[in-house]
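# Tertiary structure, described
Listed below are the residues making up each chain.
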Amino acid sequence: MYYFYSYWWLIIPGMLLSLFAQWKVKSTYKKYQQVNSKKNITGAQTAKYILEAYKINDIAVEETGGTLTDHYSPHEKVIRLSTNVYRGTDIAALGIAAHEVGHAIQYSKSYAPIAIRNTVFPIASLGSNLGYVLIILGMILGSLGSISQIFILGGIALFSFFVFFTIVTLPVEFDASNRAIKILSKGGFLDTEEIEGAKKVLGAAALTYIASAITAVLNLLRLVLMSRSRD
Ligand SMILES: [Zn+2]
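Overview of the structure. (Residues numbered from 1 in each chain as written. Predicted model: local features only at pLDDT ≥ 70, side-chain atom pairs only at ≥ 80, totals over all residues. Heavy atoms only, no water.)

### Brief notes about the packing of aromatic side chains
Per the counting criterion, the structure on display carries seven aromatic pairs. Ring geometry for F121 versus F165: centroids 5.6 Å apart, planes at 50 degrees, classification tilted. Taken together, the positions of F121 in helix α5 (residues 112-140) and F165 in helix α6 (residues 146-186) put the pair 44 residues apart, joining distant regions of the chain. Judged by its relative accessible area of 14%, F165 falls in the buried class. Through a chain of ring-to-ring contacts, the aromatic side chains of Y132, F159 and F162 assemble into a single cluster. (Phe/Tyr/Trp six-rings, centres within 6.5 Å; stacked < 30°, edge-to-face > 60°. Helix = DSSP H or I, 4+ residues; strand = E, 2+ residues; numbered from the N terminus. Buried < 20%, exposed > 50% of the residue type's maximum accessible area, 1.4 Å probe, protein only.)

### Observations concerning the packing of helix α4 (residues 91-108) against α6
Two elements in contact, α4 and α6, have axes separated by 7 Å at closest approach and are oriented at 115 degrees. When the axes of α4 and α6 are compared, the crossing they make is right-handed. Here L94, G95, A98, H99, G102, H103, I105 and Q106 of α4 come into contact with α6, specifically with V172, E173, D175, A176, S177, R179, A180, I183 and L184. By residue class, the composition of the contact of α4 with α6 is eight nonpolar, six polar and three charged. (Axes fitted to C-alpha atoms, helices over the stretch in contact; angles between N-to-C directions. Left-handed = near helix turned anticlockwise from the far one by under 90°. Contact = heavy atoms within 4.5 Å. Nonpolar A, V, L, I, M, F, W, Y, C, P; charged D, E, K, R; others polar.)

### Considerations on the packing of helix α1 (residues 12-33) against helix α7 (residues 192-228)
Pairs of packed helices are described in terms of their axes, by the angle between the two and the distance that separates them. Taken N-terminus to C-terminus, the directions of α1 and α7 make an angle of 165 degrees; their axes are 8 Å apart at the nearest point. Accordingly, the angle class assigned to the pair α1 and α7 is roughly antiparallel. As for how α1 packs across α7, the hand of that crossing is left-handed. In contact with P13, G14, L17, S18, F20, A21, Q22, K24, V25, T28 and Y32 of α1, α7 contributes G197, K200, V201, A204, A205, L207, T208, A211, I214, T215 and L218. A breakdown of the residues in the contact of α1 with α7 according to their chemical character gives 13 nonpolar, seven polar and two charged. (Parallel < 35°, antiparallel > 145°, perpendicular 65-115°, else oblique.)

In structure tokens:
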């Protein structure tokens, strides 16, 4: 018999870190949303200027609903900015807009980690759910010996793809933010003082990805330990 609740405490650090990251993003975003940039241009204008400077002219910039829903869709070739970022002229808006353009630039420069990330995405999204299902099935079928072992090992292998995905997301996100900060600073969108604010907003956002990766690694560790603990 396997213990489903064994090593439950391995979930705690990831949970706490995720909660902290969420709070940090919200509070930092709120703070710098109130600091207007001296240039007084919107996030949408910033995105369009940068795309133009990089001679990327096949990508549209659109407004979308929600808060912090900003993203780049490579298939549709659209940068979607949430209303506050699209219309906002604050430091947070410019930082986030430039970050999303950073992703578009990654594609135009064939940045390797984003290609790897996209390759593992289908199996990773399958692995985050089906991996668990297989492992639990394997545990329930524990008495069937080798069949249950195949389920458990298969589940762990699938879940590993999800863990790998969360890890390879880190360089992708850090790189987009680094590009954003460099462009905003060199392009004169923000001055040195304002850049510090943009760095804080993007740094807080990066923390959520770090929290996801740590949570995934600990979950994998837990699944491995759990599958090895028998009554
Ligand atoms: Zn990003």
